[in-house]
Amino acid sequence: VTSDLQLLDALDGQVEKINLEIASIAVDQENVKLLMTMPGIDYYAAMVIASEIGDVTRFPSAKNLVSWTGLAPSIHQSGSRIKRGRITKQGSRTLRWILIQATHNACRNDERLRSLFERVAHRRGENKATVAVAREMLVIAYYMLTRKEPYRGVDDELYRSKLKRLEKLGNN
């Protein structure tokens, strides 16, 4: 048991060291600070989103980014008959994962995203509502990054606390 506890402490130390390194890189990136204005996204999620998307101008539209991420519904078509299916899951698995995780927190802190979640959850269920909110967050992130403007419903107090925590971690 003692050796397992020592191993756990060593792993915790390595995780903390990596988190500090990520924060020190995130401090200098404007796209990360821009994405942090969106509720549910802190520096780690913003770093993952920014690094997975890369240069946002390579996507001609938000629809292309959603499709590239794998959050678009699959379409089965034969003649005039069209059937929409589940999301394609083709593309960046990491980006899909971080958006789904951010969705849970965003729905608690933002009225617009919460109302979308509740509206879809009432009709289709919570899992599909979570994916719908993740897709909406990705579309919003696309426009934020292309226009270089912060989230329109930004909570200034929450954003300042996120920046303060990032500055504290990044300057260690």
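Residues numbered from 1 in each chain as written. Predicted model: local features only at pLDDT ≥ 70, side-chain atom pairs only at ≥ 80, totals over all residues. Heavy atoms only, no water.

Visitor: Mind showing me how you'd approach the environment of alanine 23 here?
Guide: Topologically, alanine 23 is positioned in helix α1 (residues 2-26). Along the chain, alanine 23 and glycine 170 lie 147 residues apart, while their C-alpha atoms are 4.6 Å from each other. Among residues more than four places away in sequence, those in contact with alanine 23 are Tyr43, Leu166, Leu169 and Gly170. (Helix = DSSP H or I, 4+ residues; strand = E, 2+ residues; numbered from the N terminus. Contact = heavy atoms within 4.5 Å.)

Visitor: Help me understand the side chain of threonine 69, please; the structure alone is not making it clear to me.
Guide: Note that threonine 69 resides in helix α4 (residues 62-69). Separated by 2.8 Å, the side chain of threonine 69 and the backbone oxygen of leucine 65 make a polar contact. Beyond its immediate chain neighbours, meaning those up to four positions away, threonine 69 contacts Gln90, Gly91, Ser92, Leu95, Arg96 and Leu138. (Polar contact = N/O pair within 3.5 Å; in protein donor to acceptor, adjacent residues only side chain to side chain.)

Visitor: Looking at this structure, how should I read α4?
Guide: A turn of α-helix holds 3.6 residues, and therefore any two residues three or four places apart point the same way. Taken residue by residue, α4 has Ala62, Leu65, Val66 and Thr69 as its buried positions. Viewed along the axis of α4, the buried residues span an arc of 100 degrees, placing them on a single side of the element. Positive backbone phi, at 95 degrees, marks glycine 70, one or two positions downstream of α4. (Buried < 20%, exposed > 50% of the residue type's maximum accessible area, 1.4 Å probe, protein only. Arc of directions from axis to C-beta.)

Visitor: What exactly am I supposed to notice about the pattern of salt bridges here?
Guide: Where charged atoms of side chains with opposite charge meet at close range, the side chains can pair. For the structure on display, the rule yields 5 salt bridges. Of the charged contacts in the structure, one is a salt bridge between aspartate 42 and arginine 165, with a shortest N-O distance of 2.8 Å. Taken as a pair, aspartate 42 in the loop between α2 (30-35) and α3 (43-53) and arginine 165 in helix α8 (residues 156-170) lie far apart in primary sequence, 123 residues in all. Its relative accessible area of 23% is what places aspartate 42 among the partly exposed residues. When the shortest N-O distance is used, the salt bridge between glutamate 111 and arginine 114 registers 2.4 Å. Within this pair, glutamate 111 and its partner arginine 114 are both found in helix α6 (residues 111-124), separated by 3 residues, close to a single helical turn. Take glutamate 111: its relative accessible area is 52%, and that puts it in the exposed class. Residue classification places arginine 114 among the partly exposed positions, given a relative accessible area of 25%. (Salt bridge = Lys/Arg side-chain N within 4 Å of Asp/Glu carboxyl O.)

Shape is all these values report; function is a separate question.
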